[in-house]
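Observations on the three-dimensional arrangement
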2 protein chains.
Amino acid sequence: MYKDLDPLLHSQLRLAIVSILMTGESADFNQIMDITKATSGNISVQIKKLQDAGYIEVVKSFKNNYQNTALKITNKGIKAFENYVECLKQYIK
Amino acid sequence: MYKDLDPLLHSQLRLAIVSILMTGESADFNQIMDITKATSGNISVQIKKLQDAGYIEVVKSFKNNYQNTALKITNKGIKAFENYVECLKQYIK
DNA sequence: TATTTTGGTTTATAATATAAACTATTTTAT
DNA sequence: ATAAAATAGTTTATATTATAAACCAAAATA
């Protein structure tokens, strides 16, 4: 009962980012900003943490002359998310 | 979409405490310690925060010659918890 | 009566979230 | 042509928060 919640996912912004990516579609930096309304600095830091953990994949490219940062969830990220949700259920029901 | 999560509840230990109290039964300090395995100092601090927010009621008494701290969730606490769960659902499904 | 146990609180520290300040490139206005 | 503004971020400093260590008081026990 009350297993530890993965601290990497138990953060509003990181959870939102991963939640967005759990659709399976990749999303880019701007979409994350639009949806979450967080500052770019905050998003940048949280993306790096998720990347370092191997939860997301980050692909940098050029799109219409501008740099573009695209994010995609990894298998590890999917498993971590599913595990987080399972653990959380113990707390909220 | 992605409404803010009540920061008072979006904390593993405080969420566990409120979750325990959501049964309706009151629980005392020791039960919280047994269930959560957190340190007394940590629990003490988090209890005060929940009390200050009006989410729980704290009743101090004497039981078998020892001081006893009993906790009970308030109506405000119940509503906050239910709202938290509703908001969380946007993130986890 | 000295020591240990019970039941906590207060305070210091470690970790974390968040925004402010900064960098670099591109577009637009003058 | 070039100054200003917009795009797309990163780095770093600060503010907040979680957590444990240190502490206190009363009761039980050796």
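Computed from a predicted structure; not experimentally measured. (Residues numbered from 1 in each chain as written. Chains lettered and ligands numbered in written order. Predicted model: local features only at pLDDT ≥ 70, side-chain atom pairs only at ≥ 80, totals over all residues. Heavy atoms only, no water.)

Quick notes on the protein's contact with DNA strand D
Inspection of the region around DNA strand D gives 22 residues, with S44, K60 and T69 of chain A together with R14 and N65 of chain B positioned closest. When atoms of DNA strand D within 4 Å of the protein are split into backbone and base, the sugar-phosphate part holds 72%. Between a phosphate oxygen of DNA strand D and a side-chain N or O atom of N30 of chain A, the distance comes to 3.0 Å. Q67 of chain A places a polar main-chain atom, nitrogen or oxygen, 3.4 Å from a sugar or linking oxygen of DNA strand D. Contributing elements (two or more residues each) for the surface near DNA strand D: α2 (29–36), α3 (40–52) and β3 (66–73) of chain A together with α3 (40–52) of chain B. Across the surface near DNA strand D, the residue classes break down as 5 nonpolar, 13 polar and 4 charged. (Near = heavy atom within 4 Å. Polar contact = N/O pair within 3.5 Å; in protein donor to acceptor, adjacent residues only side chain to side chain. Helix = DSSP H or I, 4+ residues; strand = E, 2+ residues; numbered from the N terminus. Nonpolar A, V, L, I, M, F, W, Y, C, P; charged D, E, K, R; others polar.)

Comments concerning the protein's contact with DNA strand C
Near DNA strand C there are 22 residues, and of these R14 and Q46 of chain A together with S44, K60 and T69 of chain B occur at the shortest range. The sugar-phosphate portion of DNA strand C accounts for 72% of its atoms within 4 Å of the protein, the bases making up the rest. Within the backbone of Q67 of chain B, a nitrogen or oxygen atom sits 3.4 Å from a sugar or linking oxygen of DNA strand C. For the surface near DNA strand C, a count of residues per class yields 5 nonpolar, 13 polar and 4 charged.

Side note on the pairing of β3 of chain A
Each regular strand displays side chains that alternate between the two surfaces of the sheet. Residues and elements named next belong to chain A. With 2 bridges connecting them, strand β1 (residues 27–28) and β3 associate as antiparallel partners. Pairing of A27 across the sheet is with L71, part of β3. Judged from the 8 bridges that link them, strand β2 (residues 56–63) and β3 form a sheet pairing that is antiparallel. Within β3, the position partnered with K63 by the bridge is Y66. Adjacent in sequence and paired antiparallel, β2 and β3 are bridged by 2 residues, among which N64 carries a positive phi angle near 45°. (Pairing = 2+ DSSP bridges.)

Focus: the relation of the copies chain A and chain B
Mapping chain A onto chain B is achieved by rotating through 180° and translating by 0.0 Å along the same axis, at an RMSD of 0.0 Å. Interpreted geometrically, this transformation is the action of a two-fold axis. Scanning chain A for the C-alpha nearest the rotation axis identifies H10 of chain A, at a separation of 3.9 Å. The share of interface residues of chain A whose copies in chain B are also at the interface is 100%, consistent with both copies meeting through the same surface. (Least-squares fit on C-alpha atoms with pLDDT ≥ 70 in both. Contact = heavy atoms within 4.5 Å.)

Comments concerning the interface of chain A and chain B
Counting from both sides, the interface comprises 19 residues of chain A and, opposite them, 19 residues of chain B. Taken over both partners, the interface formed by chain A and chain B buries close to 1600 Å², and the fraction arising from carbon and sulfur atoms is 63%. When residues of chain A are sorted by the area they lose upon contact with chain B, Y2, Q12 and I92 of chain A head the list and together hold 37% of the total. Between the two partners, chain A and chain B, sit 0 salt bridges. Viewed at the interface, chain B and chain A are joined by 10 residue pairs in polar contact (both at pLDDT 80 or more). Every element with two or more residues in the side of chain A that touches chain B is listed here: α1 (12–21) and α4 (75–92) of chain A. Looking at the side of chain A that touches chain B element by element, the count peaks at 7 residues for α4 of chain A. Considered class by class, the residues forming the side of chain A that touches chain B number 12 nonpolar, 5 polar and 2 charged. (Buried area = accessible area lost by both parts, 1.4 Å probe. Salt bridge = Lys/Arg side-chain N within 4 Å of Asp/Glu carboxyl O.)

Regarding the layout of surface pockets
Residue and element names in this part refer to chain B. Roughly 160 Å³ of internal volume is contained in the largest pocket. Lining the largest pocket are D28, F29, N30, K60, Y66, Q67, N68 and T69. Examining the composition of the lining of the largest pocket, we find that 4 residues originate from one element, strand β3 (residues 66–73), more than from any other. Each residue belonging to the lining of the largest pocket can be placed in one class, and the counts come to 2 nonpolar, 4 polar and 2 charged. (1 Å grid on protein atoms, 1.4 Å probe; cavity = no way out; pocket = protein on both sides within 12 Å on 5 of 7 lines; lining within 4 Å. Points joined across faces, edges and corners; volume = space filled by probe spheres on them.)

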